[in-house]
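Tertiary structure, described
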Amino acid sequence: MAGNPQQSDESDGVFATAAELFSLLSTPIRLKIISALCHGEKNVSQLLAQIDTTQPNMSQHLSTLYRAGVLGKRREATQIYYRIESERAAMLCRAVCTQIAFEMDADGNVPQDERLIPRVRA
């Protein structure tokens, strides 16, 4: 019994798009950038004050997130200000990072079947 080919194509597209987004968010510095911008727009200097990296590395990651549509930007004189453009990507980032932080907390008794990260076994 074969499945519906149209339904398979649609789900393939969903999974491909999700994988692309997860790939985009797979770098810790990009997650830090998104987190920093969740509280409002910032220029590169402000981001560098919050995130320990070099200016060229920061610019590369900002450019990647901008090209993907996760960030927006505007120019004011010589400064470029970045902001969250994709609230969905920011929400996903917040949800996953919050869950992981909760799981890493010693008091976060999360049942094994509800965890995002595997429990380290001694």
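I will try to describe carefully the structure that is included in this document. (Residues numbered from 1 in each chain as written. Predicted model: local features only at pLDDT ≥ 70, side-chain atom pairs only at ≥ 80, totals over all residues. Heavy atoms only, no water.)

A short note on the overall build of the chain
Here is the rule: Secondary structure elements are taken from DSSP: a helix is a run of H or I of four residues or more, a strand is a run of E of two residues or more, and numbering for both begins at the N terminus. Only protein chains enter the accessibility calculation, which uses a 1.4 Å probe; a residue whose area is less than 20% of its type maximum is buried, one above 50% is exposed, and one in between is partly exposed. Here, residues are in contact when the closest pair of their heavy atoms is within 4.5 Å.
For the chain, the count of helices and strands is 5 helices and 3 strands. Going from the N terminus to the C terminus, the chain shows its helices and strands as α-α-β-α-α-β-β-α. Sorting the 122 residues of the chain into buried and exposed places 25% on the buried side. Taking contacts inside the chain between residues at least 6 apart in sequence as the whole, the part at least 24 apart equals 41%.

A few points about the sheet that holds strand 3 (residues 79–84)
Here is the rule we go by: Following DSSP output, two strands are said to pair if at least two bridges run between them.
If you walk across this open sheet you meet the 3 strands as 1-3-2, and the pairing is antiparallel. Of all the strands in the sheet, the pair left with one neighbour each is strand 1 (42–43) and strand 2 (71–76). Two elements, strand 1 and strand 3, share 2 bridges in a ladder whose sense is antiparallel. In the sheet register, asparagine 43 faces strand 3, and the bridge partner there is tyrosine 81.

Some thoughts on helix 5 (residues 87–104)
This is how it is decided: A helix is expected to span 1.5 Å multiplied by its residue count minus one.
In this model helix 5 runs 25 Å from its N-terminal to its C-terminal C-alpha over 18 residues, within 8% of the 26 Å that 1.5 Å per residue would give. Buried residues of helix 5: Ala89, Ala90, Cys93 and Glu103, and no others.

Quick word on the side chain of asparagine 43
To keep it simple, the criterion reads: Here a polar contact means two N or O atoms within 3.5 Å. Within protein one must be a hydrogen donor candidate and the other an acceptor candidate, and residues neighboring in sequence count only if both atoms are side-chain atoms.
Checked against the element boundaries, asparagine 43 lands in strand 1. Within the local environment of asparagine 43, its side chain forms a polar contact with the backbone nitrogen of serine 45, the two atoms lying 3.1 Å apart. With residues up to four places along the chain from it excluded, the contact list for asparagine 43 reads Gln79, Ile80 and Tyr81.

Thoughts on the nonpolar core
Formally: By convention a nonpolar core is built from buried Ala, Val, Leu, Ile, Met, Phe, Trp, Tyr and Cys residues, the set being connected through side-chain atoms within 4.5 Å.
Ile33, Ile34, Leu62 and Leu71 are the most contacted members of the largest nonpolar core, which totals 20 residues. With 5 residues, the top contributor of residues to this core is helix 2 (residues 28–37).

A short note on unusual backbone geometry
Unusually for a residue other than glycine, alanine 77 sits at a positive phi of about 60 degrees. Residue position: alanine 77 is located in the loop between strand 2 and strand 3. When its relative accessible area of 68% is taken as the criterion, alanine 77 is described as exposed.

Here we look at the packing of helix 2 against helix 4 (residues 55–67)
Rules: Where helices are involved, their axes are fitted lines through C-alpha atoms of the stretch in contact, as for all axes, and angles between N-to-C directions lie from 0 to 180°. Any angle that is under 35 degrees is reported as roughly parallel, and any over 145 degrees as roughly antiparallel; angles of 65 to 115 degrees are reported as roughly perpendicular and all others as oblique. Three categories are distinguished: nonpolar for Ala, Val, Leu, Ile, Met, Phe, Trp, Tyr, Cys and Pro, charged for Asp, Glu, Lys and Arg, and polar for the others, with Gly belonging to the last.
For the pair helix 2 and helix 4, the least separation of the axes is 10 Å and the interaxial angle reads 75 degrees. Considering the angle they form, helix 2 stands roughly perpendicular to helix 4. Residue-level inspection shows Ile29, Arg30, Ile33 and Ile34 of helix 2 in contact with helix 4, the latter providing Asn57, Met58, His61, Leu62, Thr64 and Leu65. Residue composition of the contact of helix 2 with helix 4, grouped by class: 6 nonpolar, 3 polar and 1 charged.

Focus on the pattern of salt bridges
Selection rule: In the sections that follow, a salt bridge refers to a side-chain nitrogen of Lys or Arg positioned within 4 Å of a carboxyl oxygen of Asp or Glu.
In this structure the tally under the stated criterion is 4 salt bridges. With its nearest N and O atoms 2.4 Å apart, the salt bridge here joins arginine 74 to glutamate 41. Residue arginine 74 is located in strand 2, and its partner glutamate 41 is located in the loop between helix 2 and strand 1; the two are separated by 33 residues in the primary sequence. Residue classification places glutamate 41 among the partly exposed residues on the basis of a relative accessible area of 31%. Residues arginine 94 and glutamate 87 are paired through a salt bridge, measuring 2.6 Å at the closest nitrogen-oxygen approach.

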